[in-house]
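So the chains spell out like this:
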Amino acid sequence: MSTGLESFANPAYIGVLYPFAGSEVIMLVVGVALWVIWHIWEIGFEAREHDKAIRRAREAGIK
Amino acid sequence: MDSDIGGLTVIFTEFYFWVTVVMMFLIHVGFCMYEVGATRPKNLQHTLMKNTMLIPLVTVTFYFFGWWLYFAFINGPWINGPIQEDAFTAAAVPWSDNMGPHMQDRINGVFWAAFLMFSCTTASIVSGAIIERARTAGFLIIAVFIGSITWIIDAAWGWSPGGWMVQLMGYHDAYASGVVHGIAGGTTLAVLCVLGPRIGRFAPDGTPRTIPVQNPWLITIGLFLIFTGFWGFYAACNIPILDIDGAEDKIFMSATNIYLMPTTLSAITFNFMMSLAGGLMAGYMVSKGDPFWSYSGGLCGIICASAGNDLYHPIQAMIIAMVGVWLVYKLHHWVERRFKIDDAVGACAVHGYGGTFGVIVAGFLLWGYPAAAPTGDPGMAWFGSTPEGYPAINPLGNFIGAIIMWGGLGFIPAYILAKVLDAFGLLRVPREVEIVGLDTHTYPEPFPYLQMRDVDFERIQRESAR
């Protein structure tokens, strides 16, 4: 069982060092999805926080 | 690495760019300190997190597509050829073997990271100008837009030996006056035009009001750190060690600028310091000793001379910096009064006007110098070539280039994006949030109103809001 390399002998012939070489496209799809999801989450999170801030401001009598 | 000198060159280049990355990270530390220092207590955490979070978002997007754009778009595309397809482009796609740890490629990662630091700088320049009323959500989209799309396209066009602006127009901008600062300043102004000023920033008759900063010393240290990081910025604009002679029977190793044209680290060190000195002197003089504008003058002085600091004489760099800072200072205050632009840190001026001025000046002073080795037939440049057929640096090419950087890739696309974000309510915080403070909801403790504290400007702001 090996996720990548089993020997560092002959380093001149070694290319990639990371495990699961060959799955780069899948990793890219996951990475892009996480990036887009983060933006969507942040937009919603910030909107909810603003609603909370507006309530606090009104409670404090600030308009 | 099939020879001793080849091996040493690769390992030195790898380490050289790694060091520049570490140094350039200080620019971001400086920007964060500067912004926080210029922010009132009720908005501190918001300002800090808005700037900090651009780092991860620009990083991942620069990995996903920004780095590929730099190599793929050197021809426009379709201005001087199609989308570029070569070994560099193939190595920059995010599914390439070279975009990860690889025993046969020691350069891609450090070179990518050096460019990434430029990306973060462009986005960070925008961040400071829009503090205390911009939504983090909208800003982070703008940060990705400039950091991983527009600036890297302008770098492909005008900051690459094969870029179409270099090859066809003789565009020269060695240390990124227009490529980084011009586009960032244009983008900033566009966003500010749509965003509008902070409530109360201008009196009803249009007179600008000074908003008190919470920590001038933090601003001072921040700007000093930006100066420090700028050394790394300059070094990263060079290719450290290259055989610039090209003859088979001899070698002549030297640094080159980003266009692979000769310069030395010593040359840019002379000019960095002299343009910094000229900028500080002019900033101090024109602002009559104002610390903010003296420091900003130093930064602006470097930016004004950066386009040609690979080749200028140090005294030329100093004079360009002094003239540029004087012009920028006057222009900033005129724009502020005339158009009610609330640029909290002077970014439009220091980076946008200063960078554009620097590109235009370089076209005149370096007129006739080779811009880069021709990638196509010699003598094809639109505005003149050297006797050897290299595209020649010239005033018209740099003038048009400055407009492309500031306006074509800076102001116009950013204005459209800002309008779209504004239409979706993603650009500006609600007015109640701006009044009570952007930290109120998550960090109530430092919030001044809820603790029955007040300062003069807060009262003005609330009155203006009514």
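So, how was this worked out
Residues numbered from 1 in each chain as written. Chains lettered and ligands numbered in written order. Predicted model: local features only at pLDDT ≥ 70, side-chain atom pairs only at ≥ 80, totals over all residues. Heavy atoms only, no water. Core = buried A, V, L, I, M, F, W, Y, C linked by side-chain atoms within 4.5 Å. Buried < 20%, exposed > 50% of the residue type's maximum accessible area, 1.4 Å probe, protein only. Helix = DSSP H or I, 4+ residues; strand = E, 2+ residues; numbered from the N terminus. Contact = heavy atoms within 4.5 Å. Polar contact = N/O pair within 3.5 Å; in protein donor to acceptor, adjacent residues only side chain to side chain. Phe/Tyr/Trp six-rings, centres within 6.5 Å; stacked < 30°, edge-to-face > 60°. Expected span 1.5 Å × (residues − 1). Salt bridge = Lys/Arg side-chain N within 4 Å of Asp/Glu carboxyl O. Nonpolar A, V, L, I, M, F, W, Y, C, P; charged D, E, K, R; others polar. Axes fitted to C-alpha atoms, helices over the stretch in contact; angles between N-to-C directions. Parallel < 35°, antiparallel > 145°, perpendicular 65-115°, else oblique. Left-handed = near helix turned anticlockwise from the far one by under 90°. Disulfide = S-S within 2.5 Å.

A few points about the nonpolar core
Phase 1 of the analysis: Ranked by size, the top nonpolar core spans 136 residues in total, and within it Trp67(B), Phe115(B), Phe118(B), Trp151(B), Trp159(B) and Phe233(B) carry the most contacts.
Phase 2 of the analysis: Residue contributions to this core peak at 14 residues, all from helix H5 (residues 108–129) of chain B.
Phase 3 of the analysis: Non-local contacts of Trp151(B), meaning those with residues more than four positions away in its chain, are made with Phe62(B), Phe115(B), Phe118(B), Ser119(B), Thr122(B), Ile146(B), Trp159(B), Val179(B), Val180(B) and Ile183(B).
Phase 4 of the analysis: Listed in part, the six residues of the second largest apolar core include Ala57(A), Ile62(A), Ile435(B) and Ala465(B).

Thoughts on the side chain of Ser177(B)
Residues and elements named next belong to chain B.
Phase 1 of the analysis: Within the secondary structure, Ser177 sits in helix H8 (residues 177–195).
Phase 2 of the analysis: In this structure the side chain of Ser177 is engaged in a polar contact, spanning 2.6 Å, whose partner is the backbone oxygen of Ile303.
Phase 3 of the analysis: Excluding residues within four positions of it along the chain, Ser177 makes contact with Gly182, Ile303, Cys304, Ala305, Ser306, Ala307, His351, Gly355, Gly358 and Val359.

Some remarks on the packing of aromatic side chains
Phase 1 of the analysis: Summed over the entire model, instances satisfying the criterion amount to 47 aromatic pairs over all chains.
Phase 2 of the analysis: A centroid spacing of 5.9 Å and a plane angle of 55° characterise the contact between Trp35(A) and Phe65(B), whose relative ring orientation is tilted. Taken together, the residues span two chains, with Trp35(A) in helix H1 (residues 24–59) and Phe65(B) in helix H3 (residues 54–72).
Phase 3 of the analysis: Take Trp35(A): its relative accessible area is 17%, and that puts it in the buried class.

With respect to the environment of Trp38(A)
Phase 1 of the analysis: Positionally, Trp38(A) belongs in helix H1.
Phase 2 of the analysis: In sequence terms Trp38(A) and Ile26(A) are twelve residues apart; their C-alpha atoms lie 18 Å from each other.

Notes on helix H13 (residues 347–365) of chain B
Since one α-helical turn is 3.6 residues long, residues separated by three or four positions face the same way.
Phase 1 of the analysis: The end-to-end C-alpha distance of H13(B), which contains 19 residues, comes to 26 Å, matching closely the 27 Å that a straight helix rising 1.5 Å per residue would cover.
Phase 2 of the analysis: Counted residue by residue, H13(B) has 16 buried out of 19 residues, so it is predominantly covered.

Describing the interface of chain A and chain B
By convention, interface size is frequently given as the accessible area that disappears when the constituent parts associate.
Phase 1 of the analysis: Counting residues at the interface gives 30 residues for chain A and 36 residues for chain B.
Phase 2 of the analysis: Summed over the shared surface of chain A and chain B, the result is two salt bridges.
Phase 3 of the analysis: In this structure, the salt-bridge partner of Glu46(A) is Arg135(B), at a minimum N-O distance of 3.0 Å.
Phase 4 of the analysis: Summed over the shared surface of chain A and chain B, the result is eleven residue pairs in polar contact (both at pLDDT 80 or more).
Phase 5 of the analysis: Broken down by class, the residue content of the side of chain A that touches chain B amounts to 19 nonpolar, four polar and seven charged.

A short note on the packing of helix H6 (residues 136–158) of chain B against helix H14 (residues 395–423) of chain B
All names here are of chain B.
Phase 1 of the analysis: Closest axis-to-axis distance for the H6/H14 pair is 11 Å, and the angle between their directions is 155°. Between H6 and H14, the angle is such that the two are roughly antiparallel. Along this stretch, H6 crosses H14, giving a crossing that reads as right-handed. Here H6 contributes Gly138, Ile141, Ile142, Phe145, Thr150, Ile153, Asp154, Trp157 and Gly158 to the contact with H14, which in turn contributes Ile404, Met405, Leu409, Pro413, Ala414, Leu417 and Leu421.
Phase 2 of the analysis: Within the contact of H6 with H14, the residues separate by chemical class into twelve nonpolar, three polar and one charged.

Here's the deal with the state of the cysteines
All names here are of chain B.
Phase 1 of the analysis: A complete count under the given rule lists zero disulfides over all chains for this structure.
Phase 2 of the analysis: Here Cys120 is not cross-linked by a disulfide; its sulfur's nearest cysteine counterpart is in Cys32, at 10 Å.
Phase 3 of the analysis: On the basis of relative accessible area, Cys120 is assigned to the buried category, the value being 2%.
Phase 4 of the analysis: Cys300 takes part in no disulfide bond, and the closest cysteine sulfur, belonging to Cys304, lies 3.9 Å away.
Phase 5 of the analysis: Judged by relative accessible area, Cys300 falls into the buried class, the value being 1%.

A look at the side chain of Asp342(B)
All names here are of chain B.
Phase 1 of the analysis: Of note, Asp342 is situated in the loop between helix H12 (314–339) and H13.
Phase 2 of the analysis: Judged by relative accessible area, Asp342 falls into the buried class, the value being 1%.
Phase 3 of the analysis: Within polar-contact distance, the side chain of Asp342 engages the side chain of Arg201 at 2.9 Å.
Phase 4 of the analysis: Those residues in contact with Asp342 that sit more than four places away from it in its chain are Ala129, Arg133, Leu192, Pro197, Arg198, Arg201 and Phe202.

Notes on the pattern of salt bridges
All names here are of chain B.
Phase 1 of the analysis: Scanning the entire structure with this criterion turns up twelve salt bridges over all chains.
Phase 2 of the analysis: Note that Arg198 and Asp342 form a salt bridge whose closest N and O atoms lie 2.8 Å from each other. Linking Arg198 in the loop between H8 and helix H9 (216–236) with Asp342 in the loop between H12 and H13, this pair joins segments that are 144 residues apart in sequence. For the pair formed by Arg198 and Asp342, the shared burial category is buried.
Phase 3 of the analysis: The partner of Arg201 in a salt bridge is Asp342, with the nearest N and O atoms 2.9 Å apart. Taken as a pair, Arg201 in the loop between H8 and H9 and Asp342 in the loop between H12 and H13 lie far apart in primary sequence, 141 residues in all. Residues Arg201 and Asp342 agree in their burial class; the two are buried.
Phase 4 of the analysis: The network of salt bridges with shared partners includes Arg40, Glu132, Arg133, Arg198, Arg201, Glu336 and Asp342.

A look at the environment of Ala203(B)
Residues and elements named next belong to chain B.
Phase 1 of the analysis: Within the secondary structure layout, Ala203 lies in the loop between H8 and H9.
Phase 2 of the analysis: Classification of Ala203 by relative accessible area gives buried; the value is 15%.
Phase 3 of the analysis: With 96 residues separating them in the primary sequence, Ala203 and Ile107 have C-alpha atoms 54 Å apart.

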